[in-house]
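# Examination of the molecular architecture
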Amino acid sequence: MSGPKNATDATRRAQADTVASLPIDTGEDFDLAQKGFIGTIPDARILNEAGHPVWDMSRFDFIKDDAPDTVNPSLWRQAKLNSFHGLFKVTDGVYQVRNFDLSNITFLEGDTGYIVIDPLISAETAAAALALMREHRGDKPVVAVIYTHSHVDHYGGVKGVLSDEDIASGLQIIAPEGFLKAAVSENVLAGNAMGRRATYMYGSMLPPGPQGHVDAGLGKTVSFGKVSLVPPTVSICETGETLTVDGVEIIFQVTPDTEAPAEMNFYFPQFKALCMAENCSCHLHNIITPRGAQIRDAKSWSYYINEAIDLFASRTDVLFASHHWPRWGEDITITFLQKQRDLYKYIHDQTLRLANHGLTPLEIAEDFKLPPTLEAEWYTRGYYGTLSHNTKAIYQRYLGWFDGNPANLHKWPPAEAGRRYVAAIGGADALLEKAQAAFNDGDYRWVAELVNHLVFAEPGLEAARNLQADALEQLGYQAESGPWRAFYLTAAMELRNPRPPSDVPRPAGGDTVRGLPADELLDSLSVRLNGLKAGAQEITLNLTVTDTKETYLVTLTNGVLHHEPDKRADNADATLAITRASLAALALKEKSVADLIDDETLTIEGNEKALTDLLELLDTFDFWFEIVMP
Ligand SMILES: [Zn+2]
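Here we come to the overall build of the protein. Looking only at helices and strands, one finds 23 helices and 21 strands in the protein. Taking 630 residues into account, the globule formula puts the C-alpha radius of gyration at 25 Å, and the protein, at 26 Å, falls close to it. On the principal axes, the C-alpha backbone points of the protein span a range of 75 × 75 × 55 Å. In the protein, which comprises 630 residues, the proportion classed as buried is 46%. Taking as baseline every contact in the protein between residues at least 6 positions apart, the subset at least 24 positions apart corresponds to 73%.

On to the pairing of strand β8 (residues 142-146), then. Each regular strand shows side chains that alternate between the opposite faces of the sheet. Here β8 lies mainly inside the structure; five of its five residues are buried. In terms of strand pairing, strand β7 (residues 114-117) meets β8 through four bridges, oriented parallel. Bridging across to β8, Val116 finds its partner in Val145. On the question of chirality, the crossover connecting β7 to the parallel β8 by way of helix α4 (residues 123-137) is right-handed.

Below, the discussion takes up the packing of helix α9 (residues 330-356) against helix α12 (residues 387-399). Taken N-terminus to C-terminus, the directions of α9 and α12 make an angle of 65°; their axes are 9 Å apart at the nearest point. Classified by the angle their axes make, α9 and α12 are roughly perpendicular. Helix-helix and strand crossings are classified by hand; for α9 and α12 the assignment is right-handed. Across the interface between the two elements, Ile347, His348, Thr351, Leu352 and Ala355 from α9 touch Leu387, Asn390, Thr391, Ile394, Tyr395, Tyr398 and Leu399 from α12. Broken down by class, the residue content of the contact of α9 with α12 amounts to eight nonpolar, four polar and no charged.

Here we come to helix α14 (residues 428-440). A rise of 1.5 Å per residue sets the reference length of α14, with its 13 residues, at 18 Å; its end C-alpha atoms lie 18 Å apart and thus fit the reference within 8%. Considered for burial, the residues of α14 that qualify are Leu431, Leu432, Ala435 and Phe439. All buried residues of α14 lie within an arc of 95° about the axis, which places them on one face of the element. Exposed residues pointing more than 90 degrees away from the buried face of α14 are listed as Asp429, Ala430, Glu433, Ala437 and Asn440. Packing partners of the buried residues in α14 comprise α13 (414-425), α15 (444-457) and α16 (462-478). With its phi angle positive at about 80°, Gly442 sits one or two positions after the end of α14.

Turning next to the domain arrangement of the protein. Looking at the protein, the domain boundaries give domain 1 (35-380) and domain 2 (511-616). Relative placement of domain 1 and domain 2: their C-alpha centres are 38 Å apart. Taken residue by residue, the interface counts eight residues in domain 1 and nine residues in domain 2. A breakdown of the residues in the side of domain 1 that touches domain 2 according to their chemical character gives five nonpolar, three polar and no charged.

On to helix α17 (residues 482-496), then. The end-to-end C-alpha distance of α17, which contains 15 residues, comes to 21 Å, matching closely the 21 Å that a straight helix rising 1.5 Å per residue would cover. Among the 15 residues in α17, 14 count as buried, and that is most of the element.

This paragraph deals with unusual backbone geometry. Phi at Asp118 takes a positive value of approximately 65°, unusual for a residue other than glycine. Within the fold, Asp118 resides in the loop between β7 and α4. For Asp118, a count of 30 C-beta atoms within 10 Å translates into the label buried. Its identity as a non-glycine residue notwithstanding, Glu600 has a phi of 65°, on the positive side. Tracing the backbone shows Glu600 in the loop between α22 (593-598) and β21 (602-606).

Our next topic: the sheet that holds strand β20 (residues 574-578). Pairing is mixed in the open sheet, where five strands are placed in the order β19-β18-β17-β20-β21. Both outer strands of the open sheet, β19 (560-565) and β21, are each paired with one neighbouring strand and no more. With strand direction ignored, the average angle separating the axes of adjacent strands in the sheet is 20°. By the bridge criterion, seven bridges tie strand β17 (residues 539-545) to strand β18 (residues 550-557) in an arrangement that is antiparallel.

In this section: the pairing of β20. Across five bridges, β17 lies against β20 in parallel orientation. What sits directly across from Leu541, in β20, is Ala574. Both β20 and β21 contribute to a ladder of five bridges, which runs antiparallel. Each bridged residue has a counterpart across the sheet, and for Leu576 the counterpart in β21 is Ile604.

Turning next to the sheet that holds strand β13 (residues 264-268). In space, the six strands of this open sheet follow the order β11-β12-β13-β14-β15-β16, with mixed pairing throughout. The sheet is open, and its two borders are formed by β11 (242-245) and β16 (327-328), each paired with just one other strand. Across two bridges, strand β15 (residues 318-320) lies against β16 in antiparallel orientation. When the bridges of β16 are listed, Val318 appears paired with Trp328.

On to the environment of Pro290, then. Considering the arrangement of structural elements, one finds Pro290 in the loop between β14 (273-275) and α8 (298-312). Sequence separation of Pro290 and Asp139 is 151 residues, and the distance between their C-alpha atoms is 41 Å.

Another point: the nonpolar core. Across soluble globular proteins, you tend to see nonpolar side chains buried next to one another. Counting residues in hydrophobic clusters, the biggest one holds 169 residues, and the most contacted among them are Ala129, Val145 and Val451. Mapped onto the domain boundaries, this core takes at least three residues apiece from domain 1 (35-380) and domain 2 (511-616). Residue contacts for Val145: discarding those within four places in its chain leaves Val116, Pro119, Val158, Val161, Leu162 and Ile173.

A word on the environment of Pro498. Summarising the element assignment, Pro498 is placed in the loop between α17 and α18 (511-514). Spatially, the C-alpha atom of Pro498 lies 9.8 Å from that of Gly460, the residues being 38 residues apart in sequence.

Thresholds applied
Residues numbered from 1 in each chain as written. Predicted model: local features only at pLDDT ≥ 70, side-chain atom pairs only at ≥ 80, totals over all residues. Helix = DSSP H or I, 4+ residues; strand = E, 2+ residues; numbered from the N terminus. Rg over C-alpha atoms; globule rule 2.2 N^0.38 Å. Buried ≥ 20, exposed ≤ 12 C-beta atoms within 10 Å, placed from the backbone. Contact = placed C-beta atoms within 7 Å. Pairing = 2+ DSSP bridges. Right-handed = clockwise from strand over helix to strand, strands pointing away. Axes fitted to C-alpha atoms, helices over the stretch in contact; angles between N-to-C directions. Parallel < 35°, antiparallel > 145°, perpendicular 65-115°, else oblique. Left-handed = near helix turned anticlockwise from the far one by under 90°. Nonpolar A, V, L, I, M, F, W, Y, C, P; charged D, E, K, R; others polar. Expected span 1.5 Å × (residues − 1). Arc of directions from axis to C-beta. Domains from an automatic or database assignment. Core = buried A, V, L, I, M, F, W, Y, C linked by C-beta atoms within 7 Å.

Here you go:
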């Protein structure tokens, strides 16, 4: 494998410019991130059952002293702040374990046990956090769980804090209304593309190091343990709803369509503590996540932060959240909330102001700046989201991908455009010569654009791939955003070390699909149907999911697969009865129709071939599709 390179002079100059432009560092964040520290486990090293680490902060021991010239100095500072791991006291009765995973897990002390907020990504890391809490605060049971929102880093580790008996007993699991639908659906229909792009965004294939992964901005990185989804037992539907759980009073504020489709903040009167979920964090969050997802509503995000100020701020002594460190004191808390509120609204309003002046996304993003009062704060900086891609998100939410210029209405796709650009410039050698000159000038953005055409025209040309990797790498070194750095450096690694092509698709793990309700499972089949291959074929199936007692009418017509609940057709080609798990196994092609008939989880009346014909029409996605090459 050919490895990373050193920072160039241009990158060193860029890092120095960044240092000169940063806010004054009073050390406040470092105090806040360590305040209330109680204890930890060595290196926060957490193993799975097989003895392999799912989390190990010793891999980030290199993050100390001044920033190396291969890391943006502002990101380096955030990386240091995201390194303080262990159990921290937030206030009497409220404790957090931080940096045992990407997110925070919070423990509230009730009358008889612990209420857990946001049990991390993996069962292993959540269990280790609970063990640390019990070691220092007493061996008490978990009496309830709260999920602040529908992202996996806030529920995936629930089985590390709840036993199967707890779950069977109906122990309270409290979540905002719409949680389950958002949690199962957000990543399903575009799941393969999103999952592959997430490998770029979180740098999960990059080795940690000054020339590799440093920080995700939002937290250090993601853990790799056992992930599960246990549905909530209590849905919070309205702001102002109050619950008393094990003697702890909780006042809820629902905040739909903010950082997640289903999310909520809440306030604890007896602790004078406010949990802002992931609606506030110590940086600028994503309005569009670069891995890809639907665009978030910055306007309602800002609105709900303002509502939280009205509802809770004047009686809040401490504010904590699902990532990063808390803030103490009413004045400090209100200022923080106001600036977070204004950060999202400023980006929203100013993007639309500029769009209404006729500027297009690239033009808006290029010179977009925060006003001095927002720019003066560290917690408005783009460690995760950036002003650049967030302004594009606002534009896209209101105006779409098309900038109105018909030159961009029907452009050639990358390989076709690439061949034409390379020819227009006078061939590969001429293009590389011009690109190398731009590289020598430090104009890496231009190198990336120019050489991208050559890589897509001639992906086998190693000199092109290597120069492209060199340029993207310097952009990665300069990036303040953890995801941007990870995208650039992962791309550089793949350009230098292309994966051998595969004749057969290499699908992602089927865990998500195996856990889906039948409705979403059938939805996922619709986007796998190869419409042109289906052509004029028509298939009608009556389907009963035997364990959940759901019935669906499944029809293929006009190259489209439909499923409609509670309907049946008298003239169906076949009538099927199948368990949900076997339906998932069929979808994943882990079992054949014959296997399932044999193990008696599938019965078919009518024409069995109708089902096998339909399965033949489903594509299987290759998780490792190329991103920076054709
Ligand atoms: Zn999160």
